[in-house]
Amino acid sequence: MASGKEKKRKRDYEGTAPPKKKVAIQTASQPPPSSTIKVASVKLDGSCPPVIATHPGLCLPSSVKFQAYTKPAPSNPRQKRSKHAASSSSGILLHSSSHSKLDYTAKEDGPGGRESHLKHYVGVFDPATGKLSVVEARKMAVRGVVRSQQPREEDIQSKEASKNMLELRNDLGQAFGTKKSKKALAAISENAIADDSRKSSALAASSQAMMTAIGEVTHTMATKEDLQAAADAAKPIPPGNFGAREIQDVYTLQGLIGGELLNAIPIKDWQDAVKKGANKMFTSAFVASRLNSVGEGPDSTTRLKALRYLEFLFKFSKLIKGRAPKIPPSDKLRVLLEPAPEPVVQNIRRKFSSNQVIDKFHRDLLCTYCCALAAILSNFEFETSALRHDLNLGEKQIAQYFREIGGKAKKVMGAGKGTQAQMAVLSLPLDFPKVRYQRQR
């Protein structure tokens, strides 16, 4: 055993002691990094811009390769182009079929989308020079669709060769059944309809005459699809392109109001109020909440005219009192809809009344028109409290009108604690209420 206390031996650092001084990373010859960043260049959208893509609800593999396609944008010579407008003149679509079961497609938000008024940029920073290059990018969303696949021939043949349940039961009864059950199966076979060879033989003269008479009577009868189309045409809903692939193409301002009528609506006082930032007094809560956002957004002139037409409809809806309210004389109606010009006054009177009376059909038509215009001016999703206040309707009634135009109304958490709000959404595919046909007894 060792005597006394032994000193602990220090760890060898490969023959050299660890340095005690800190090593200076930056030498005297290197200049200190700059604290300011200079934007060297800003490149607008070109033929092959960078893409910022999101894939909500998808787990996109990194091995997926996309093929880019471009589509020239339609030129409008009447529309003046601003100095700061984007230089892109084509739309971009990305598509990929490299996955074994899914097809991926990336699209941009069309006009009227939630982020159509935003621009996205990608910056590349060089730390050596302290300069930043900015390039305009495209914001796209990736969607996935399951690719349709054909079944194998072996599966089809095995399915055709397999027996149905009735044949299996008959075979089981013939093998293990009693005398009574076997006799019943034999009677069924004797009384069965003729086989395929007899089915292919010509019908008797009387049967042929009867089939011909039935065909002549029933060939003019309406099908279920025809009845559904006739019922949809008789509904009090605004006209629309219900086969459109984009939601902004279903209900348009040209289809709801008309180009000539839009040109006749005055909006000069509203444009001045938006430029000055003044708060005008409105009788409509919906118009007051949308004036600045519509006036400062894209295509402000046309959308401000549509907003004023919606204000005229709100004023006209104040006449709805009782079961069949009557329209006042022309001079009083002009005062009520002031400052609407005469063509707009006559258009509203003819479209939403019959024989100077606002019946239930035209009352529902007026409310569905207001819902469609409000959805267009709010980018197809908004909170319904202001609209319900202007039309004097409850949550259940406004939800029913939105279902009539193909939209949905849902409850969400409100701004205050423990409160709820009603959100109206108009999106594809449209979901219209089906007409129920009562079966005859």
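Residues numbered from 1 in each chain as written. Predicted model: local features only at pLDDT ≥ 70, side-chain atom pairs only at ≥ 80, totals over all residues. Heavy atoms only, no water.

A. Focus on the overall build of the protein chain. A count of helical and extended segments in the protein chain gives 16 helices and 10 strands. Taken across its 441 residues, the protein chain has 27% of its residues classed as buried. For the protein chain, the proportion of contacts with a sequence separation of at least 24, taken over those separated by at least 6, is 66%. Carbon and sulfur atoms make up 54% of the accessible area of the protein chain, which amounts to about 32300 Å² in all. (Helix = DSSP H or I, 4+ residues; strand = E, 2+ residues; numbered from the N terminus. Buried < 20%, exposed > 50% of the residue type's maximum accessible area, 1.4 Å probe, protein only. Contact = heavy atoms within 4.5 Å. Areas by Shrake-Rupley, 256 points an atom, 1.4 Å probe, with all protein chains shown as cover.)

B. Looking closely at a nonpolar patch on the surface. A cluster of nonpolar side chains, V39, V42, L44 and Y121, forms an exposed patch at the surface whose accessible area comes to about 370 Å². In this fold, V39 is placed in strand β1 (residues 38-43). (Patch = residues over 30% accessible without salt bridge, like charges linked within 9 Å, V, L, I, M, F, W, Y side chains within 5 Å. Salt bridge = Lys/Arg side-chain N within 4 Å of Asp/Glu carboxyl O.)

C. Up close: the sheet that holds strand β8 (residues 381-383). With antiparallel pairing, three strands are arranged side by side in an open sheet as β8-β10-β9. Where the open sheet ends on each side, the last strands, each with one partner, are β8 and β9 (408-413). Strand-to-strand twist of the sheet, defined as the mean angle between neighbouring strand axes without regard to direction, takes the value 30°. Across three bridges, β8 lies against strand β10 (residues 420-425) in antiparallel orientation. (Pairing = 2+ DSSP bridges. Axes fitted to C-alpha atoms, helices over the stretch in contact; angles between N-to-C directions.)

D. Examining unusual backbone geometry more closely. That bond from E338 to P339 is cis: its omega, 10°, falls within 30 degrees of zero. Examined against the element boundaries, P339 turns out to sit in the loop between α12 (330-336) and α13 (342-351). In this structure, P429 follows L428 across a cis peptide bond, with omega equal to -5°. Mapped onto the secondary structure, P429 falls in the segment after β10.

E. Region of the structure containing the environment of L393. As for its position among the elements, L393 is in the loop between α15 (385-391) and α16 (395-404). Each C-alpha atom, one on L393 and one on C367, is 9.5 Å from the other, the two residues being 26 residues apart in sequence. Look past the residues within four positions of L393 in its chain and what remains in contact with it is C367, R388, I398 and Y401.

F. Region of the structure containing the packing of helix α2 (residues 165-176) against helix α3 (residues 179-190). It is at 8 Å that the axes of α2 and α3 come closest, and there the two elements cross at 135°. One finds that α2 runs oblique with respect to α3. In the crossing of α2 with α3, the sense of the turn from one axis to the other is left-handed. Across the interface between the two elements, N170, G173 and Q174 from α2 touch S181, K182 and L185 from α3. (Parallel < 35°, antiparallel > 145°, perpendicular 65-115°, else oblique. Left-handed = near helix turned anticlockwise from the far one by under 90°.)

G. Structural context of the pattern of salt bridges. For the structure shown, the criterion picks out nine salt bridges. Notably, a salt bridge pairs K268 with D272, separated by 3.0 Å at the nearest N-O pair. With K268 and D272 both in helix α9 (residues 268-276) and four residues apart, the pair spans about one turn of that helix. Owing to a relative accessible area of 54%, K268 belongs among the exposed residues under this scheme.

H. Expanded view of the pairing of strand β3 (residues 67-72). Taken across its six residues, β3 has zero buried, putting it largely on the surface. Relative to strand β4 (residues 90-96), β3 runs antiparallel, the two being bridged by six bridges. Looking at β4, one finds that Y69 is bridged to L93.

I. Quick look at the environment of A264. Its location among the elements puts A264 in the loop between α8 (259-263) and α9. You can call A264 partly exposed: its relative accessible area is 32%. On a C-alpha basis, the gap between A264 and P343 in space is 7.8 Å, while along the polypeptide they are 79 residues apart.

J. Spotlight on α16. Of the residues making up α16, those classed as buried are I398, A399, Y401, F402 and E404. The secondary structure elements touched by the buried residues of α16 are α14 (360-377), β8, α15, β9 and β10. Once α16 finishes, G406 follows within two positions and takes phi at roughly 95°, a positive value.

K. Broad picture of the packing of aromatic side chains. The tally for this structure, following the rule as stated, stands at six aromatic pairs. Here the aromatic rings of F242 and F432 are separated by 5.3 Å at their centres, their planes lie at 85°, and the arrangement is edge-to-face. Taken together, the positions of F242 in the loop between α6 (224-233) and α7 (253-256) and F432 in the segment after β10 put the pair 190 residues apart, joining distant regions of the chain. On the basis of relative accessible area, F242 is assigned to the partly exposed category, the value being 41%. (Phe/Tyr/Trp six-rings, centres within 6.5 Å; stacked < 30°, edge-to-face > 60°.)

L. How the structure looks around the side chain of S353. Examined against the element boundaries, S353 turns out to sit in the loop between α13 and α14. In this structure the side chain of S353 is engaged in a polar contact, spanning 2.3 Å, whose partner is the backbone oxygen of R349. Those residues in contact with S353, other than ones at most four positions away along the chain, are I327, I358 and H362. (Polar contact = N/O pair within 3.5 Å; in protein donor to acceptor, adjacent residues only side chain to side chain.)

M. Structural detail: the nonpolar core. Judged by nonpolar contacts, the single largest core of 62 residues is most densely connected at F286, Y309, L313, F316, I348, F352 and L387. Here this core gets 12 residues from one element, more than from any other, and that element is α14. When sequence neighbours within four positions are dropped, the list of residues in contact with F352 reads Y309, L313, F316, I358, H362, L365, L366 and Y369. Counting residues in each nonpolar core, the second largest holds seven residues, with V64, A106, M140 and V142 among its members. (Core = buried A, V, L, I, M, F, W, Y, C linked by side-chain atoms within 4.5 Å.)

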